[in-house]
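# Observations on the model geometry
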Amino acid sequence: MARSESDPPAAEPVVRVIGHVKWFDTVKGYGFIVAESASDASLTGDVMIHISCLRDYGETVADEGAKIVCDAALRPRGWQTVHIIEMERPRAAVAKERGERPDYETVTLKWFNKARGYGFVRRGTDEIDIFVHAVALRKAGYDEVEPGTLIEVVIESGAKGDHVLSVRAKR
């Protein structure tokens, strides 16, 4: 039987994904999810997540490392999230509800590669490099940042070591 114009379009096939947020940039309005398991072995690589999916879920941000369960579809530009089923709440929202304020500390930018989108900072005379993503710097208004710049950050320990969770806006 032929489909008429009044019939709804066929639903696109989706794959259930369980993973974590690799990064999300609120300025650009998108980010990526690393799939840890999927209902279809054909899903390879990262899954793009658009801010419209977050808004449909009731959030406007997704924290790096947040656990997420979603449905994804293969589209011309690759795998894309079409529906969020469950996601850890953003750390900032949870802390704000508890009345907590983050503890910022001053660090020195060791180096930053804008093309790669990341760099490293150091605490005082400590020789340990701490990862910083371009998204965190951009959210705070740092479009261009030079080595040796002092910035205020919140540092968090994660599965891959310490990383900058957030950067305080320039004053």
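Quantities reported herein were computed from a predicted structural model and do not represent experimental measurements.

## Side note on the pattern of salt bridges
All chains considered together, the criterion is met by twelve salt bridges. In this structure, the salt-bridge partner of Arg 138 is Asp 25, at a minimum N-O distance of 2.7 Å. Here Arg 138 is found in helix α3 (residues 134-139), whereas its partner Asp 25 is found in strand β1 (residues 15-25), with 113 residues between them in sequence. On the accessibility criterion, Arg 138 (25% relative accessible area) is partly exposed. A relative accessible area of 0% means that Asp 25 is categorised as buried. Here Glu 144 and Lys 114 are joined by a salt bridge, their closest N and O atoms 2.7 Å apart. Residue Glu 144 is located in the loop between α3 and β9 (150-158), and its partner Lys 114 is located in the loop between β6 (105-113) and β7 (118-122); the two are separated by 30 residues in the primary sequence. Exposure class is identical for Glu 144 and Lys 114. Each is exposed. Here the salt bridges do not stand alone but share partners, grouping Lys 110, Arg 122, Glu 127 and Asp 129 into one network.

## Regarding the nonpolar core
As a rule of thumb, nonpolar side chains are buried together in soluble globular proteins. Core analysis: the largest hydrophobic core is formed by 19 residues, its most contacted members being Phe 24, Leu 43, Ile 49, Leu 54 and Ile 84. Among the elements of the structure, β1, β3 (47-50), α1 (51-57), β4 (67-75) and β5 (78-87) are those that each provide at least two residues to this core. Per element, the largest residue contribution to this core is four residues, and it comes from β1. Apart from residues lying up to four places away in sequence, Leu 54 is in contact with Phe 24, Ile 49, Glu 59, Thr 60, Val 61, Ala 62, Ile 84 and Met 87. Grouped together as the second largest cluster of nonpolar side chains are 17 residues, Val 132, Ala 140, Val 145 and Val 153 included.

## With respect to the environment of Trp 111
As for its placement among the helices and strands, Trp 111 is situated in strand β6. Distance from Trp 111 to Gly 148, taken between C-alpha atoms, is 7.9 Å for residues 37 residues apart in sequence. Excluding anything up to four places from it in sequence, Trp 111 contacts Tyr 118, Gly 119, Phe 120 and Pro 147.

## A short note on the environment of Ala 72
Following the sequence through the fold, Ala 72 ends up in strand β4. When its relative accessible area of 0% is taken as the criterion, Ala 72 is described as buried. In the structure, Ala 72 is positioned ten residues away from Val 82 in sequence and 5.3 Å away in space, judged by C-alpha atoms. Every residue in contact with Ala 72, bar those within four places of it in the chain, is listed here: Pro 13, Val 14, Val 15, Val 17, Leu 43, Val 47, Trp 79, Gln 80, Thr 81 and Val 82.

## Re the side chain of Thr 81
Structurally, Thr 81 can be placed in strand β5. Note on Thr 81: relative accessible area 5%, which makes it buried. If we ignore the near neighbours within four places in the chain, the residues touching Thr 81 are Ile 33, Val 47, Met 48, Ile 49, Cys 53, Cys 70, Asp 71 and Ala 72.

Analysis parameters
- Residues numbered from 1 in each chain as written.
- Predicted model: local features only at pLDDT ≥ 70, side-chain atom pairs only at ≥ 80, totals over all residues.
- Heavy atoms only, no water.
- Salt bridge = Lys/Arg side-chain N within 4 Å of Asp/Glu carboxyl O.
- Helix = DSSP H or I, 4+ residues; strand = E, 2+ residues; numbered from the N terminus.
- Buried < 20%, exposed > 50% of the residue type's maximum accessible area, 1.4 Å probe, protein only.
- Core = buried A, V, L, I, M, F, W, Y, C linked by side-chain atoms within 4.5 Å.
- Contact = heavy atoms within 4.5 Å.

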